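Summary of structural features
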Amino acid sequence: MKKKIVVGYDGSSASGNALDFAVNLAKASQSGLVVAHILEWSPYTFLTPTELEERHARRTEELERAKSAVLDPVMQKLSDSGIEAASELRYGHIAETLIKVAEADDVEQLVIGRTGHSQLSSRIFGSVAGSLAQASPVPVTIVP
Amino acid sequence: MKKTYAAALAATIVLACTLPAMAQSIDEQVNTLFANSTGWFVSFIFSPFPGTSFPWIVGWLVVAATVFTLYFGFIQFRAFPHSIALVRGDYSDPNDAGEVSHFQALATALSGTVGLGNIAGVAVAVGIGGPGATFWMILAGLMGMASKFTECTLGVKYRNEYPDGTVSGGPMYYMTKGFEERGLPAGKILAVMFAIFCILGAFGGGNMFQANQAHAQIANVVGDYPGWITGVIFAAIVFAVIVGGLKSIASVTEKVVPFMGVLYVLTALVILLMNADKIGWAFGQIFEGAFTGLGVAGGFVGALIQGFKRAAFSNEAGVGSAAIAHSAVRTKEPITEGFVSLLEPFIDTVVICTMTALVIIITGQLVSDPETGLYLLNEGGSAIQTVDGNTGVALTSAAFSSSFGWFQYVLAVAVVLFAFSTMISWSYYGLKAWTFLFGEGKTKELVFKVIFCIFVVIGAAASLGPVIDFSDAAIFAMAVVNIVALYALMPIVKRELESYLARLKSNEIKKFT
């Protein structure tokens, strides 16, 4: 089975760099490409009754927006330049969910961009790159 | 739409401006008017069984909770571990990520119930019924878990799902749809009655009681001032959130309230640990008082009534409000929300209310006769003497600040926030009942919301007596109708339960983590 490279993509320029890097990598190693977009979400946040009631409708909207504003343009660009790629759109904690995506059998590595948080904020909140470097089941490439 | 909005705003402003002009006596006028116009309703709901002093409504709730407990085979104890697993998300399909989780439904329902009932209500119960009231309160809390389980399962099962993806649920819907399914008559009539009582409950316990006690707490800290001032400020903020759609205030409250709850319980625990040697004595008082009354007003029956009343008012089991809050969860199995909801009376009553009661007892707020060990009554003989003559939220405040002086300020903030989040929750419950009766529509909804804000002012201005009586009466009236429906529909819940447990056993329902 063809091995796959998963690239975390959120529309930012850093994640654009990661995507370019992953495309070259996939071409060189004849691997497949998966573009993963994760919507930050936690099942443990607190919502008002009205937010609860509208949650399902909001989720549908958010998924559509993510697809049309983030994933569709980049998938179109990839297919225009003749690169085959699959996409993955999920909700969850970004690092944890990327790890889940990477846990599929045929994933050979993860590529992510670095957003360049200051030392202080990543010390307090942690960074996606840092958590992945520690917990990823496959090799991770962090593209500056 | 814009016009009605402006008109409503103008009406509120006029109301706010005319109030001060009427000067101090407004508080008294509101009070008298209030006592006169709601007295008959209160005395009907709380009328005792002939020849006793035991209100029939309290019996009604306790019998229902007992029936559900037995009918579902002590489900609150059997399903407890599974409930926790559900809240942790062990059984949630990862593909449903982004939907309302069990945890979120529980947290939102809890922020509607954890509130003044836990702080002020318990103080009232212990103040009148003595430590023994705590025993009956815990017992009622444990039994109430079965009532909550029944109503929340039905709430999810018979909710309405609209094409735009929003959901609406609650007793109104299971009364109409569930009764139709079982071929029972009068479902619609029950639903209408429930909706009317729910609106009254939203104005009473969900609103006026909150405003009233929030004012009492603020006045306790900053010194006495007229209640309508608090009322107008509160009304303006509530107005901004529910009419103006100022989501930021609501979401800040929703995030701060759980931490306040945790802080409250932790502080109570620290006070209990500091007085660890007295915990045994306190439980002794609770058990002894539960059966002998230790000379409190009304004796042992007084303790029992106070305990049951406060538990019901605090956790709202059997009242039907939780069924509205829980029905938005995303689940294929309605029964799972029943399991989750049974944690609510546990956290609310068995944990938080008991903490309050223990702190009041342990810090020695209740005055007892050193020779006989019996509690001394106040001059009117209506309640136990307290060290500083405090009742309600002031009693809790005194108990906590006897160990930590600063805690009265934290408590004041907590009370205001709890009151506010409970108001927001109840404005939602009331609105659901209102739209069930009158149909959906911006103007209709606005009318309800404006009336709701006016009641905030009335609640803050009225003295505790008439308000607390009416609050109790309106909320208990919901239970009268709701429990009839629960009896009629409990076989449906049983069928769901048996099918679910069988599939859980055969591993058809799998853990995802």
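Please refer to the structure placed before this passage.
In short, a report on the structure. (Residues numbered from 1 in each chain as written. Chains lettered and ligands numbered in written order. Predicted model: local features only at pLDDT ≥ 70, side-chain atom pairs only at ≥ 80, totals over all residues. Heavy atoms only, no water.)

Side note on the overall build of chain B
Within chain B, the secondary structure is distributed over 21 helices and 2 strands. Out of the 513 residues in chain B, the part that is buried amounts to 60%. Taking as baseline every contact in chain B between residues at least 6 positions apart, the subset at least 24 positions apart corresponds to 83%. In the structure as shown, chain B presents an accessible area of about 19,100 Å², 68% of it carried by carbon and sulfur atoms. (Helix = DSSP H or I, 4+ residues; strand = E, 2+ residues; numbered from the N terminus. Buried < 20%, exposed > 50% of the residue type's maximum accessible area, 1.4 Å probe, protein only. Contact = heavy atoms within 4.5 Å. Areas by Shrake-Rupley, 256 points an atom, 1.4 Å probe, with all protein chains shown as cover.)

A few points about the overall build of chain A
Helix and strand counts for chain A come out as 5 helices and 5 strands. What you see in chain A, going N to C, is helices and strands ordered as β-α-β-α-β-α-β-α-α-β. A compact globule built from 144 residues should have a C-alpha radius of gyration of about 15 Å, and chain A, at 16 Å, falls within 12% of that. Each principal axis of the C-alpha distribution contributes one length, and for chain A these read about 50 × 35 × 30 Å. Relative to its 144 residues, chain A shows a buried fraction of 41%. Considering only contacts within chain A whose residues lie at least 6 apart along the sequence, 77% involve residues at least 24 apart. For chain A, the exposed surface amounts to about 7,900 Å²; the carbon and sulfur share of it is 51%. (Rg over C-alpha atoms; globule rule 2.2 N^0.38 Å.)

Points about unusual backbone geometry
Here Gln30(A), not a glycine, exhibits a phi torsion of approximately 60°, which is positive. Relative to the assigned elements, Gln30(A) resides in the loop between helix H1 (13–29) and strand S2 (32–40).

Examining the interface of chain B and chain A
Chain B puts 29 residues into the contact, and the matching count from chain A is 18 residues. Around 2,300 Å² of area is buried between chain B and chain A when both sides are counted, 62% of it from carbon and sulfur atoms. Across the contact surface, chain B and chain A share 2 salt bridges. A salt bridge links Glu53(A) to Lys432(B), with the shortest nitrogen-to-oxygen separation between them at 2.9 Å. (Buried area = accessible area lost by both parts, 1.4 Å probe. Salt bridge = Lys/Arg side-chain N within 4 Å of Asp/Glu carboxyl O.)

Details of the pairing of strand S4 (residues 107–113) of chain A
Successive residues of a regular strand alternate their side chains across the two faces of the sheet. Residue and element names in this part refer to chain A. Within S4, 6 of the 7 residues are buried, which leaves the element mostly enclosed by the surrounding structure. Summarising the sheet, strand S1 (residues 4–8) and S4 pair through 4 bridges and their orientation is parallel. When the bridges of S4 are listed, Val7 appears paired with Val111. As defined by bridge partners, S4 adjoins strand S5 (residues 140–143) across 4 bridges and the pair is classed as parallel. Looking at S5, one finds that Leu110 is bridged to Val140. (Pairing = 2+ DSSP bridges.)

Things to note about the packing of helix H19 (residues 407–438) of chain B against helix H20 (residues 442–461) of chain B
Residue and element names in this part refer to chain B. Two elements in contact, H19 and H20, have axes separated by 10 Å at closest approach and are oriented at 140°. With respect to H20, the element H19 is oriented oblique. Seen from above, H19 lies across H20 with right-handed handedness. For the pair H19 and H20, contact is made by Met423, Trp426, Ser427, Gly430, Leu431, Trp434, Thr435 and Phe438 and by Lys444, Glu445, Val447, Phe448, Lys449, Ile451, Phe452 and Val456, respectively. Here the contact of H19 with H20 is composed, by residue class, of 10 nonpolar, 3 polar and 3 charged. (Axes fitted to C-alpha atoms, helices over the stretch in contact; angles between N-to-C directions. Parallel < 35°, antiparallel > 145°, perpendicular 65-115°, else oblique. Left-handed = near helix turned anticlockwise from the far one by under 90°. Nonpolar A, V, L, I, M, F, W, Y, C, P; charged D, E, K, R; others polar.)

With respect to helix H3 (residues 56–71) of chain B
The end-to-end C-alpha distance of H3(B), which contains 16 residues, comes to 22 Å, matching closely the 22 Å that a straight helix rising 1.5 Å per residue would cover. Looking one or two residues beyond H3(B), the residue adopting positive phi is Gly73(B), at roughly 60°. (Expected span 1.5 Å × (residues − 1).)

Looking at a nonpolar patch on the surface
Residue and element names in this part refer to chain B. Side chains of Phe283, Phe287, Phe291 and Phe300 sit close together on the surface and give an oily, nonpolar patch of about 380 Å² of accessible area. Among the elements that line the nonpolar patch, the one with the most residues is helix H13 (residues 276–292), at 3 residues. Judged by its relative accessible area of 35%, Phe300 falls in the partly exposed class. (Patch = residues over 30% accessible without salt bridge, like charges linked within 9 Å, V, L, I, M, F, W, Y side chains within 5 Å.)

Regarding the packing of aromatic side chains
Residues and elements named next belong to chain B. One pass over the structure, following the stated rule, counts 32 aromatic pairs over all chains. On the numbers, 4.9 Å between centres and 90° between planes, the contact of Phe135 with Trp136 is edge-to-face. On the basis of relative accessible area, Trp136 is assigned to the buried category, the value being 10%. In this structure an aromatic cluster arises from ring pairing among Phe203, Trp434, Phe438, Phe448, Phe452 and Phe455. The ring of Tyr158 has Lys157 lying over it, and the distance from NZ or CZ to the ring centre is 5.7 Å. (Phe/Tyr/Trp six-rings, centres within 6.5 Å; stacked < 30°, edge-to-face > 60°. Lys NZ or Arg CZ within 6 Å of the ring centre and 35° of its normal.)

Observations regarding the nonpolar core
Counting 152 residues, the largest nonpolar core has Phe149(B), Tyr174(B) and Phe339(B) as its most contacted members. The leading source of residues in this core is helix H21 (residues 464–505) of chain B, at 19 residues. Not counting residues up to four positions away in its chain, the partners in contact with Tyr174(B) are Glu151(B), Leu154(B), Gly155(B), Tyr158(B), Phe179(B), Ala323(B), Asn482(B), Ala485(B), Leu486(B) and Leu489(B). Among the nonpolar cores identified, the runner-up in size contains 18 residues, and Tyr9(A), Val23(A), Val70(A) and Val74(A) belong to it. (Core = buried A, V, L, I, M, F, W, Y, C linked by side-chain atoms within 4.5 Å.)

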